[in-house]
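Residues per chain, in single letters:
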Amino acid sequence: MKKFHNEPYTEETLIKLRIFRDYLRSWLPVFINNRNIYWHEINIIDFFAGQGCDINNTSGSALIIFEELQPYLELVKEKRIKINIVLNEKEGEIYERLKNNIEKYLYNSSYNVKTENRKFQELFYSYYHKLLNTNAASLIFLDQFGIKEIDQKIFKMLVTLKRTDFLFFISSSIANRFIEEESINKHLRLSKKDVEEKSYKYIHKIVYQSYKSQIENESYFLAPFSIKKGANIYGLIFGSNHPLGMEKFLNIAWKYDKLRGEANFDISNENIISEQLDLFTGKSGKAKKVELFEEYLKKKILDKEVTTNKDIYLFTINKGFIPKHARKLLRDLYNKWIIKNWHFSLNHKSCLKNTILEKIILL
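In this report, we go over the structure that sits alongside the text. Since the structure is predicted, the reported quantities are computational estimates derived from the model, not experimental observations.

Conventions we followed
Residues numbered from 1 in each chain as written. Predicted model: local features only at pLDDT ≥ 70, side-chain atom pairs only at ≥ 80, totals over all residues. Heavy atoms only, no water. 1 Å grid on protein atoms, 1.4 Å probe; cavity = no way out; pocket = protein on both sides within 12 Å on 5 of 7 lines; lining within 4 Å. Points joined across faces, edges and corners; volume = space filled by probe spheres on them. Nonpolar A, V, L, I, M, F, W, Y, C, P; charged D, E, K, R; others polar. Buried < 20%, exposed > 50% of the residue type's maximum accessible area, 1.4 Å probe, protein only. Helix = DSSP H or I, 4+ residues; strand = E, 2+ residues; numbered from the N terminus. Contact = heavy atoms within 4.5 Å. Phe/Tyr/Trp six-rings, centres within 6.5 Å; stacked < 30°, edge-to-face > 60°. Lys NZ or Arg CZ within 6 Å of the ring centre and 35° of its normal. Pairing = 2+ DSSP bridges. Axes fitted to C-alpha atoms, helices over the stretch in contact; angles between N-to-C directions. Parallel < 35°, antiparallel > 145°, perpendicular 65-115°, else oblique. Left-handed = near helix turned anticlockwise from the far one by under 90°. Core = buried A, V, L, I, M, F, W, Y, C linked by side-chain atoms within 4.5 Å.

1. Observations concerning empty space enclosed by the protein
Then, in step 1: Throughout the structure, instances matching the rule amount to one cavity of 30 Å³ or more.
Then, in step 2: Estimates place the volume of the largest cavity at around 40 Å³.
Then, in step 3: When its residues are assigned to classes, the lining of the largest cavity shows five nonpolar, two polar and no charged.

2. A look at helix 13 (residues 309-318)
Then, in step 1: Restricting attention to buried positions, one finds in helix 13 the residues N309, I312, Y313, F315, T316 and I317.
Then, in step 2: Along its buried surface, helix 13 packs onto strand 6 (221-229), helix 11 (243-256), helix 12 (288-302) and helix 14 (323-335).
Then, in step 3: The positive-phi residue at the C-terminal boundary of helix 13 is G320, with phi of around 85°.

3. A short note on the packing of aromatic side chains
Then, in step 1: If you walk through the whole model with that rule in mind, you get 23 aromatic pairs.
Then, in step 2: Between W27 and F31, the aromatic rings sit 4.8 Å apart at their centres with planes inclined by 55°, giving tilted as the arrangement. Within this pair, W27 and its partner F31 are both found in helix 1 (residues 11-32), separated by four residues, close to a single helical turn. Summarising the burial analysis for this pair, W27 and F31 share the class buried.
Then, in step 3: The lysine or arginine in question, K228, covers the ring of F265, its NZ or CZ lying 5.6 Å from the ring centre.

4. Considerations on the sheet that holds strand 4 (residues 136-143)
Then, in step 1: Taking strand neighbours across the sheet as the criterion, the seven strands line up as 3-2-1-4-5-7-6 in an open arrangement whose pairing is mixed. In this open sheet, the two strands that pair with only one neighbour each are strand 3 (112-116) and strand 6. For this sheet, the mean angle separating the axes of adjacent strands, direction not counted, is 10°.

5. Description of unusual backbone geometry
Then, in step 1: Non-glycine residue R80 carries a positive phi angle of around 55°.
Then, in step 2: Within the secondary structure, R80 is located in the loop between helix 3 (73-78) and strand 2 (82-88).
Then, in step 3: Phi angles above zero are rare outside glycine, and N354 is one such case at about 70°.
Then, in step 4: Among the structural elements, N354 can be located in the segment after helix 14.
Then, in step 5: Looking at N354, the relative accessible area reads 79%, which means it is exposed.

6. Considerations on the packing of helix 13 against helix 14
Then, in step 1: At a minimum axis separation of 9 Å, helix 13 and helix 14 run at an interaxial angle of 125°. In terms of axis orientation, helix 13 runs oblique to helix 14. Crossing hand, helix 13 versus helix 14: right-handed. Contacts from I312, Y313 and T316 in helix 13 reach P323, A326 and L330 in helix 14.
Then, in step 2: Broken down by class, the residue content of the contact of helix 13 with helix 14 amounts to five nonpolar, one polar and no charged.

7. So, the nonpolar core
Then, in step 1: Ranked by size, the top nonpolar core spans 72 residues in total, and within it L24, W27, L87, L297 and I312 carry the most contacts.
Then, in step 2: Broken down by element, the residue count for this core peaks at 10 residues, all from helix 1.
Then, in step 3: Not counting residues within four places of it along the chain, the set of residues in contact with I312 comprises L297, V306, A326, L330, F344, L346 and I360.
Then, in step 4: Residues F48, V86, F120 and Y127 belong to the second largest nonpolar core, which totals 29 residues.

Quick look at the structure:
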């Protein structure tokens, strides 16, 4: 049994769990609180559940799922929504602990709970046909201890699923140390040179970019969040085929990194304090990443490559930003008499069929 399960959760694990909780908390209302319920079945699958909590009884992903569902139990019954929860742990002794830790939830009629004691790939393939159900919405959490499990084939299967969002946590340091091993390289498609040409702090972004390059559907959304603990870099990769999912994840990322929305540390070494005012401009510090985004979006608008609120919205979230960043630039352009209007609806509804788009008018 791994030592990990006999210790308190580490700092990076707690950050990962907070992000998972925050996303689940923002994801559930979309399918439960809506006036019109379009999908009466919800799947939440944790393929690497562990024992459910740490030695101090701090909730892990399995218990977080039940805790976040708690406020919706009556509504789920009222709206006749079927909630399926699948928790998997392949290590026998840890699996028994998991069952004990979730026992009080197993007999609640508001959801169906299935515990599994199987290897990831075996379980993934056996459940995949259920995830193909177009009448269900699914959230998948993949908290792997390495990087070998999610190979190219499984990754491509994940990104082709409809109404399915996923979060997976990886130790990018493993990719750095074992990049030349065939089992890792065959699905990351990275060379030692690729990794060595960049600073180690960017290792998770490199891994993310490798996965991104494997996606054939240009409208699929993928986003990273890097987590540093000591000398090690870890990270989350989020995937969704819906812009609302991407926006919700990015809102959480920018909550934890108000300057860049991509890491729990100063990944660019800019030494900016978000509340600190510049002595010359009197404005708060702005990361280079934000400046480049504003310059790029401005150019796209002036070149008439971005012409509607939908264009602005999709451009923004695809660059890892949230609507407030685009609104700030639009307001600046309006104040400088570059555009005639700036109050646009920047949200996922602009991507719906038959939505009347709002045009950008240049002066």
